[in-house]
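Each chain, letter by letter, is given below.
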Amino acid sequence: MTLSDRVDVLIIGAGLSGVGAACHVREKFPDRSIAILESRPRIGGTWDLFKYPGIRSDSDMFTLGYKFRPWVGDNAIADGSSILEYVRATAADYGIDETIRFNRRAVRAEWSSSEQLWRVHIERTDVGAETQTETIAANFLMSCSGYYRYDEGYTPDFPAIERFAGTIVHPQHWPTDLDYTDKRVVIIGSGATAVTLAPSMAPEAAHVTMLQRSPSYVISIPKQDAIANRLRKLLPAKWAYAAARGKGIAVSTAIYQLCQRHPQFMKKQIRSWQERQLPDFDIDTHFAPRYNPWDQRLCLVPDSDLFRAIRKGSVSMATDRIATFTENGVELESGDHLDADIIVTATGLNLLALGGLTFVVDGEEVDLTDTMTYKGMMLSGIPNFFYVVGYTNASWTLKADLVCEYMCRLLEHMDANGYGESVPVKDPSVQEEPFLDFAAGYVLRSVDSFPHQGSRAPWRLRMNYYRDVLTLRHGTVADAPMRFRERSASLTSAG
């Protein structure tokens, strides 16, 4: 194995998390070698993959943006192309773009304790018709591939779907040449994608109907943050960004805590907001879920765009179950028929644990369901490995930044003490719980194939930024579950 086939830190995924992780390592350890494996031909991850109309953040960019690089766009709720440019510009500014190896999918990672080294086997897809295999070695491995499956979305088995004579499209695979001008569009779904698509398609379509089996909580937020934009005029850019970020964290945390602790109060508050947006509308049918606020993720719409489209009449709501597809639309169990030229199945995503990567430790293949997550970023029994999974109740990047900070602190601790291996050791007295304690359908369909979290810290996957700040930014990196081994005498740095 040549020197070029080995790096100090290997990161899987060149999206928002992967680029951020590489920047953290580059800033803290400028002499350490880094490589990023990206299965697709371009940087950006989710923000490069999804092309559907209106794609945007569903968190404010002051918290979805990196802690170390201010978001300077005018809009707090940004469109997908602006976010993609932000990620690409960050990678270029930090020299991370030069470390990315595109069209390479990591499929198998083998750890050797004697060498204290990962060997990662890769499928390379940019070399012609046949896939080639490569291997790269690394001292540390980090998965930033998220938990969505990139090659396919989720579509239920709809009855007689083959009868429909029009166009059916899933948002994850949006055709660039799809023309919906003056077409009747039915969007099946009630989540973030559906509430984004409906008002975005309405100006060109003949009419858009949002068909949902059950409603979600939908609230409006300003597209621009007036306070943040005002702070920019008064303070240096970094100070203004830090203040806006702090405000965004505080507001989102407060709303979540209110929903969890006082659900009936928040139900009434959300309904009051909606009644002001949609007077004389059947909110009980179309916007009153059976569950409490934040049992599933709230849907945010910027500047009331969905509500405005409903008031205008360009978007209508249908809350019902599908009886069957017909040649020209969808027949509902109520007997109503929705005519359609285009049907969009915004029915969710499929989950895939750690990008489908197979782990082998000292010749033994690891069953991920036997592992337990440690501090929401490492796995029991898997050495020198980190992963990033963001918050379900706040911006993804808030957790990603904290994980990267902790990883860098752990690397410093290992350097200072001459360690070459670190691994969390599972506590058999800790009870196993599902990886994500979240009632969304996409989670419930796949969570059984994921690692477990534990019933108590540090094995519990917290969804509280302030508590994680204390643990991950300021807490110890050498607590009892962590086992360290001295650096092997044969171990030499790739840097």
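Use the structure listed above.
Structure report, in brief. Keep in mind that this is a model prediction, so the values were computed, not measured. (Residues numbered from 1 in each chain as written. Predicted model: local features only at pLDDT ≥ 70, side-chain atom pairs only at ≥ 80, totals over all residues. Heavy atoms only, no water.)

When you go through the protein residue by residue, the secondary structure sums to 13 helices and 27 strands. Radius of gyration (C-alpha) of the protein: 24 Å, near the 23 Å computed for a compact globule of 495 residues. Its C-alpha atoms give the protein principal-axis dimensions of about 75 × 55 × 45 Å. Counting only residues that meet the buried cut, the protein has 54% of its 495 residues in that class. The contacts of the protein with a sequence gap of at least 6 include a subset with a gap of at least 24, amounting to 71%. Accessible area for the protein stands at about 21400 Å²; split by element, carbon and sulfur atoms hold 48% of it. (Helix = DSSP H or I, 4+ residues; strand = E, 2+ residues; numbered from the N terminus. Rg over C-alpha atoms; globule rule 2.2 N^0.38 Å. Buried < 20%, exposed > 50% of the residue type's maximum accessible area, 1.4 Å probe, protein only. Contact = heavy atoms within 4.5 Å. Areas by Shrake-Rupley, 256 points an atom, 1.4 Å probe, with all protein chains shown as cover.)

Let's shift gears to the pattern of salt bridges. Evaluated as defined, the whole model comprises 29 salt bridges. The partner of Glu 115 in a salt bridge is Arg 119, and the shortest N-O contact between them spans 2.6 Å. A residue is classified by how much of its surface remains accessible, and Glu 115, at 31% relative accessible area, is partly exposed. By relative accessible area, which is 26% here, Arg 119 ends up partly exposed. A salt bridge links Asp 339 to Arg 184; the nearest nitrogen and oxygen atoms lie 3.9 Å apart. Taken together, the positions of Asp 339 in strand 16 (residues 337–339) and Arg 184 in strand 9 (residues 184–188) put the pair 155 residues apart, joining distant regions of the chain. Residue class for Asp 339 comes out partly exposed when judged on its relative accessible area of 39%. (Salt bridge = Lys/Arg side-chain N within 4 Å of Asp/Glu carboxyl O.)

This paragraph deals with the sheet that holds strand 10 (residues 207–212). Taking strand neighbours across the sheet as the criterion, the 5 strands line up as 8-17-9-10-13 in an open arrangement whose pairing is parallel. With partners counted over all chains shown, the strands left at the sheet margins are strand 8 (167–169) and strand 13 (315–319), one partner each. Within the sheet, the average angular offset between the axes of one strand and its neighbour, ignoring direction, is 20°. (Pairing = 2+ DSSP bridges. Axes fitted to C-alpha atoms, helices over the stretch in contact; angles between N-to-C directions.)

Let us now look at the sheet that holds strand 14 (residues 322–326). With respect to topology, 3 strands assemble into an open sheet ordered 14-15-16, the strand pairing being antiparallel. The sheet is open, and its two edges are formed by strand 14 and strand 16, each paired on a single side. On average, each strand axis in the sheet is tilted by 20° relative to the strand beside it, whichever way the strands run. As defined by bridge partners, strand 14 adjoins strand 15 (residues 329–332) across 4 bridges and the pair is classed as antiparallel. Looking at strand 15, one finds that Ile 322 is bridged to Leu 332.

Bringing the environment of Met 317 into the picture now. Summarising the element assignment, Met 317 is placed in strand 13. The sequence separation of Met 317 and Asp 282 amounts to 35 residues, and the corresponding C-alpha distance is 9.7 Å. Contact partners of Met 317, with chain neighbours within four places excluded, come to Met 210, Gln 212, Phe 281, His 286, Phe 287 and Ile 310.

Let's shift gears to the packing of aromatic side chains. Scanning the model with the defined rule gives 20 aromatic pairs in all. Plain terms: the ring middles of Trp 118 and Phe 359 are 6.0 Å apart, the flat faces sit at 75° to each other, and that makes the pair edge-to-face. Taken together, the positions of Trp 118 in strand 5 (residues 117–124) and Phe 359 in strand 19 (residues 358–361) put the pair 241 residues apart, joining distant regions of the chain. As far as burial versus exposure is concerned, Trp 118 and Phe 359 are alike and both buried. Between Phe 359 and Phe 385, the aromatic rings sit 4.9 Å apart at their centres with planes inclined by 70°, giving edge-to-face as the arrangement. Of the two residues, Phe 359 is situated in strand 19 and Phe 385 in strand 23 (residues 385–387); the sequence distance between them amounts to 26 residues. Counting every residue linked through ring pairs, the aromatic cluster contains Tyr 66, Phe 68, Trp 71, Tyr 86 and Tyr 94. The cationic tip of Arg 32 hangs over the ring face of Phe 29; the distance from NZ or CZ to the ring centre is 4.6 Å. (Phe/Tyr/Trp six-rings, centres within 6.5 Å; stacked < 30°, edge-to-face > 60°. Lys NZ or Arg CZ within 6 Å of the ring centre and 35° of its normal.)

As a further point, take unusual backbone geometry. Of all residues except glycine, most have a negative phi; of all peptide bonds, most are trans. Across the junction of Ala 457 and Pro 458, the peptide omega takes the value 0°, indicating a cis bond. We note that Asn 103 has phi near 55°; this positive angle belongs to a residue other than glycine. Among the secondary structure elements, Asn 103 is positioned in the loop between strand 3 (100–101) and strand 4 (104–112). Residue Asn 103 is classed as buried on the basis of its relative accessible area of 15%. One non-glycine residue with positive phi stands out, namely Trp 294, at about 70°. Mapping Trp 294 onto the fold places it in the loop between helix 9 (283–286) and strand 12 (299–302).

Read these as layout, nothing more, since geometry by itself doesn't imply function.
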